[in-house]
Amino acid sequence: MNVGVIEQHITDRFALYNGDCAEVLKGIPDNTIHYEIYSPPFASLYTYSNSDRDLGNVRSNDEFFTQFKFIAEELFRVLMPGRIMSVHCMDIPAMKERDGRIGLIDFPGQLIAMFEKIGFIYHSRVAIWKDPLVEATRTKALGLMHKQLCKDSAMCRNGLPDYLLSFRKPGTNPEPIAHPGGLTSFAGEDEPCAPRVEPTMKDSDRHRKVSMVKEDPVYSHHVWRRYASPVWMDINQSNTLNRTSARDEKDERHICPLQLDVIERALTLYSNTGDTVLSPFLGIGSEIYQALKMGRKGVGMELKESYYRQAVLNCANVAEEDQVCMWTGEGAEGEPCDT
């Protein structure tokens, strides 16, 4: 068992570790990870556990980045040259009682600055739309309240989108990520479709849209246009792993799995089938779960025991389903496998 590992679950397809990723990462050889994707703790915005090793248990932003830098350096070391690391994050609300003011903290900008100092190349950023009404209902943020608009809109603000920041390690990618047939699947809501005119169609039906054939080059162009957009308006916000079963009776406040649509898009763009995907802040295992579904291998680390155990269950379940498909051609419930 590696240094810093409390418990581990290792198969031929994934390896999950209950422990501090700052220590566990040291056991991974240089330049061996094909892709990294994760949601780091958002500084001191949320507290995930009472552990002193938890990055959410910091007194200030400066303390968070001092500690996170040790992890980021390891993430740089283990990533293959020319490959990508994607980080899910958002701006952090500044609170009067904690920060002395009401406003926003540019957490994505601070992450970019730190990763560039370590040696990463800032590669891309996509904003992920979220409904401001849902945010207002959930957070009770003053700046999103309609009554504040009526009272004094100088204190109103826009809703906070998520961001997926991507960084590239310098060097030549030894294993190109090729899509010789283009993109043949779509993750998200409102899958692209196009007018399709058939010789037998009545004039009144020619305006109707129908789903495009996946192998149609036009389909790939439409999907790529959506994926290449700087703002993803079509992510299904509810398409996440079930987080309820991972909660402790006195769970410390927060768990928010990354949407599987986002992970699937990122894996499609930045990894090949058979690649090894790393998530150092595993949570309940969303990134590795989706990687396994898409034929990748996974390595994950999680400090909190209840999250780790749920991640093991989630990843073991999808691996078992794939195994059933591989040997019998049927799904776990006897249904035909997706092809």
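Residues numbered from 1 in each chain as written. Predicted model: local features only at pLDDT ≥ 70, side-chain atom pairs only at ≥ 80, totals over all residues. Heavy atoms only, no water.

1. Focus: the overall build of the chain
Part 1 of the reasoning: The number of helices and strands found in the chain is 10 helices and 13 strands.
Part 2 of the reasoning: Entry remark: accessible area of the chain is about 17,800 Å², with carbon and sulfur atoms responsible for 52%. (Helix = DSSP H or I, 4+ residues; strand = E, 2+ residues; numbered from the N terminus. Areas by Shrake-Rupley, 256 points an atom, 1.4 Å probe, with all protein chains shown as cover.)

2. Focus on the pattern of salt bridges
It is possible for side chains bearing opposite charge to pair when their charged atoms get close.
Part 1 of the reasoning: Going through the model one piece at a time under the given rule, you end up with 10 salt bridges.
Part 2 of the reasoning: Of the charged contacts, one joins R83 and D275 as a salt bridge, the two residues approaching to 3.1 Å between their closest N and O atoms. With R83 in strand 4 (residues 79-89) and D275 in the loop between helix 8 (260-270) and strand 12 (276-279), this residue pair connects regions lying 192 residues apart in the sequence.
Part 3 of the reasoning: For D275, a relative accessible area of 3% corresponds to the buried category.
Part 4 of the reasoning: Among the salt bridges present, the one from E305 reaches R309, with a minimum N-O distance of 2.9 Å. (Salt bridge = Lys/Arg side-chain N within 4 Å of Asp/Glu carboxyl O. Buried < 20%, exposed > 50% of the residue type's maximum accessible area, 1.4 Å probe, protein only.)

3. Topic: unusual backbone geometry
Part 1 of the reasoning: One non-glycine residue, K140, lies in the positive phi region at around 60°.
Part 2 of the reasoning: Checked against the element boundaries, K140 lands in the loop between helix 5 (132-139) and helix 6 (146-151).
Part 3 of the reasoning: The exposure class of K140 is exposed, given its relative accessible area of 58%.
Part 4 of the reasoning: Its identity is not glycine, yet D190 carries a phi of approximately 60°, on the positive side.
Part 5 of the reasoning: Note on placement: D190 falls in the loop between strand 8 (162-168) and strand 9 (193-195).

4. Here we look at the sheet that holds strand 7 (residues 121-128)
Part 1 of the reasoning: The strand order 1-2-13-12-3-4-8-7-11 describes an open sheet built from nine strands, whose pairing is mixed. The sheet is open, and its two borders are formed by strand 1 (5-10) and strand 11 (231-232), each paired with just one other strand.
Part 2 of the reasoning: Bridge count for strand 3 (residues 33-38) against strand 12 is two bridges, and the pairing is parallel. Following the sheet pairing, E36 is matched in strand 12 by L278. (Pairing = 2+ DSSP bridges.)

5. Brief notes about a nonpolar patch on the surface
Part 1 of the reasoning: On the surface, a cluster of nonpolar side chains totalling about 270 Å² of accessible area is made up of I102, L142 and M155.
Part 2 of the reasoning: Take I102: its relative accessible area is 55%, and that puts it in the exposed class. (Patch = residues over 30% accessible without salt bridge, like charges linked within 9 Å, V, L, I, M, F, W, Y side chains within 5 Å.)

6. A few points about the pairing of strand 2 (residues 14-19)
Part 1 of the reasoning: Here strand 2 lies mainly inside the structure; six of its six residues are buried.
Part 2 of the reasoning: Along strand 2, one buried face is formed by F14, L16 and N18 and the opposite face, lined by A15, Y17 and G19, is buried too.
Part 3 of the reasoning: Taken together, the five bridges between strand 1 and strand 2 define a ladder with antiparallel strand orientation. Each residue of the ladder has a partner; that of H9, found in strand 2, is L16.
Part 4 of the reasoning: Linking strand 1 to strand 2, which pair antiparallel, is a turn of three residues.
Part 5 of the reasoning: For strand 2 and strand 13 (residues 297-302), the ladder comprises five bridges, and the chain directions are parallel. Of the residues in strand 13, the one forming a bridge with Y17 is M301.

7. Focus on the packing of helix 2 (residues 61-78) against helix 4 (residues 107-118)
Part 1 of the reasoning: Contact geometry for helix 2 and helix 4: axes closest at 10 Å, N-to-C directions at 45°. On the basis of their axis angle, the class for helix 2 and helix 4 is oblique. Here helix 2 and helix 4 pass one another in a crossing that is right-handed. Contacts from N61, F64, F65, F68, K69, A72, E73 and F76 in helix 2 reach F107, Q110, L111, M114, F115 and I118 in helix 4.
Part 2 of the reasoning: Split into classes, the residues belonging to the contact of helix 2 with helix 4 amount to 10 nonpolar, two polar and two charged. (Axes fitted to C-alpha atoms, helices over the stretch in contact; angles between N-to-C directions. Parallel < 35°, antiparallel > 145°, perpendicular 65-115°, else oblique. Left-handed = near helix turned anticlockwise from the far one by under 90°. Contact = heavy atoms within 4.5 Å. Nonpolar A, V, L, I, M, F, W, Y, C, P; charged D, E, K, R; others polar.)

8. Points about the packing of aromatic side chains
Part 1 of the reasoning: A full pass over the atoms with the stated rule returns 14 aromatic pairs.
Part 2 of the reasoning: Ring centres of F65 and F107 lie 5.8 Å apart, and the angle between their planes is 50°; this geometry places the pair in the tilted category. One end of the pair, F65, is in helix 2; the other, F107, is in helix 4, with 42 residues separating them in the sequence. Each member of the pair, F65 together with F107, is buried.
Part 3 of the reasoning: Plain terms: the ring middles of F115 and F167 are 4.9 Å apart, the flat faces sit at 55° to each other, and that makes the pair tilted. (Phe/Tyr/Trp six-rings, centres within 6.5 Å; stacked < 30°, edge-to-face > 60°.)

9. Some thoughts on helix 2
Given 3.6 residues per helical turn, the α-helix brings residues three or four places apart onto the same face.
Part 1 of the reasoning: Taking 1.5 Å of rise per residue, 18 residues should cover 26 Å, and helix 2 covers 26 Å from first to last C-alpha, within 8% of that figure.
Part 2 of the reasoning: Where helix 2 is concerned, the buried positions are N61, F64, F65, F68, I71, A72, E74, L75 and V78.
Part 3 of the reasoning: Check the buried side of helix 2 and you find it contacts helix 1 (21-24), strand 3, strand 4, strand 6 (103-105), helix 4 and strand 12. (Expected span 1.5 Å × (residues − 1).)

10. Brief notes about the packing of helix 8 against helix 9 (residues 286-293)
Part 1 of the reasoning: Interhelical geometry of helix 8 versus helix 9 gives an angle of 55° and a closest axis separation of 10 Å. Classified by the angle between their axes, helix 8 and helix 9 sit oblique to one another. As for the relative orientation of helix 8 and helix 9, their crossing is right-handed in sense. On helix 9, the residues touching L260, I263, E264 and L267 of helix 8 are S286, E287, Y289, Q290 and A291.

11. Describing the environment of V87
Part 1 of the reasoning: Topologically, V87 is positioned in strand 4.
Part 2 of the reasoning: Judged by relative accessible area, V87 falls into the buried class, the value being 0%.
Part 3 of the reasoning: In the structure, V87 is positioned 25 residues away from I112 in sequence and 9.9 Å away in space, judged by C-alpha atoms.
Part 4 of the reasoning: Setting aside residues no more than four positions away along its own chain, V87 makes contact with Y38, P40, L111, F115, Y163, L164, L165 and F167.

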